[in-house]
Amino acid sequence: MSTVGSLPYLGTTANGSSSRQWSQQPGALFAGIAGPAAPAQDTYRAHAALFLQRIHIWLERMTPSIPQVAQFIPPTVVAVELYRARRTQESLAHASSIAMSLQQVIAMNPALPPL
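Now for a look at the structure at hand. Note that this is a predicted model, so its numbers are computed, not measured. (Residues numbered from 1 in each chain as written. Predicted model: local features only at pLDDT ≥ 70, side-chain atom pairs only at ≥ 80, totals over all residues. Heavy atoms only, no water.)

### Considering the overall build of the chain
Here is step 1 of the chain: Scanning the chain for helices and strands turns up three helices and zero strands.
Here is step 2 of the chain: Counted from the first residue to the last, the chain has its helices and strands arranged as α-α-α.
Here is step 3 of the chain: Counting across all 115 residues of the chain, residues that qualify as buried make up 37%.
Here is step 4 of the chain: Pairs at least 24 apart in sequence give 60% of the contacts found in the chain among residues at least 6 apart. (Helix = DSSP H or I, 4+ residues; strand = E, 2+ residues; numbered from the N terminus. Buried < 20%, exposed > 50% of the residue type's maximum accessible area, 1.4 Å probe, protein only. Contact = heavy atoms within 4.5 Å.)

Structural data, given as structure tokens:
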């Protein structure tokens, strides 16, 4: 059975570059994601980082047993790339959308753990 680390990201990234894979190393996807920022953007950035980290951890835990949730990996990668490109509000909006979709999946499957 595949893990999140071995599932390919198919398609193009937010900046149009070629596709790539999820990292095999825990935390590598978010390397350099936290750090000091201007106070006005700090709140948005912190929320985006929190959403993205929670989504990543949830997907990493759930994808091996429920491969259908792998459909949320590509949009999560795009949101992380937007975050890294300092397009914080876009990243936050993207991550919020993913989180809402996952909440719907969780609501339909009460046996799933919360996000």
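### Structural notes on the nonpolar core
Here is step 1 of the chain: Within the largest apolar cluster, 24 residues are counted, with the highest numbers of intra-cluster contacts made by Ile55, Trp58, Leu59, Phe72, Leu102 and Leu115.
Here is step 2 of the chain: What Trp58 contacts, discounting residues up to four positions off in sequence, is Val69, Leu102, Ile106, Leu112, Pro113, Pro114 and Leu115. (Core = buried A, V, L, I, M, F, W, Y, C linked by side-chain atoms within 4.5 Å.)

### Description of the environment of Ile66
Here is step 1 of the chain: By secondary structure assignment, the location of Ile66 is in the loop between helix H1 (39-62) and helix H2 (73-84).
Here is step 2 of the chain: Considered as a pair, Ile66 and Leu112 are 46 residues apart in the sequence and their alpha carbons are 9.7 Å apart.

### Looking at the packing of H2 against helix H3 (residues 88-108)
Here is step 1 of the chain: Remark: H2 packs on H3, axes separated minimally by 8 Å, with the N-to-C direction vectors making an angle of 160°. When the axis of H2 is compared with that of H3, the two are roughly antiparallel. When you trace H2 past H3, the crossing you get is left-handed. Taken together, the residues of H3 that come into contact with H2 (itself represented by Pro75, Thr76, Val78, Ala79, Leu82 and Tyr83) are Glu90, Ser91, His94, Ala95 and Ile98.
Here is step 2 of the chain: Looking at the contact of H2 with H3 residue by residue, the classes come out as seven nonpolar, three polar and one charged. (Axes fitted to C-alpha atoms, helices over the stretch in contact; angles between N-to-C directions. Parallel < 35°, antiparallel > 145°, perpendicular 65-115°, else oblique. Left-handed = near helix turned anticlockwise from the far one by under 90°. Nonpolar A, V, L, I, M, F, W, Y, C, P; charged D, E, K, R; others polar.)

Purely spatial values, then, with no claim about function.
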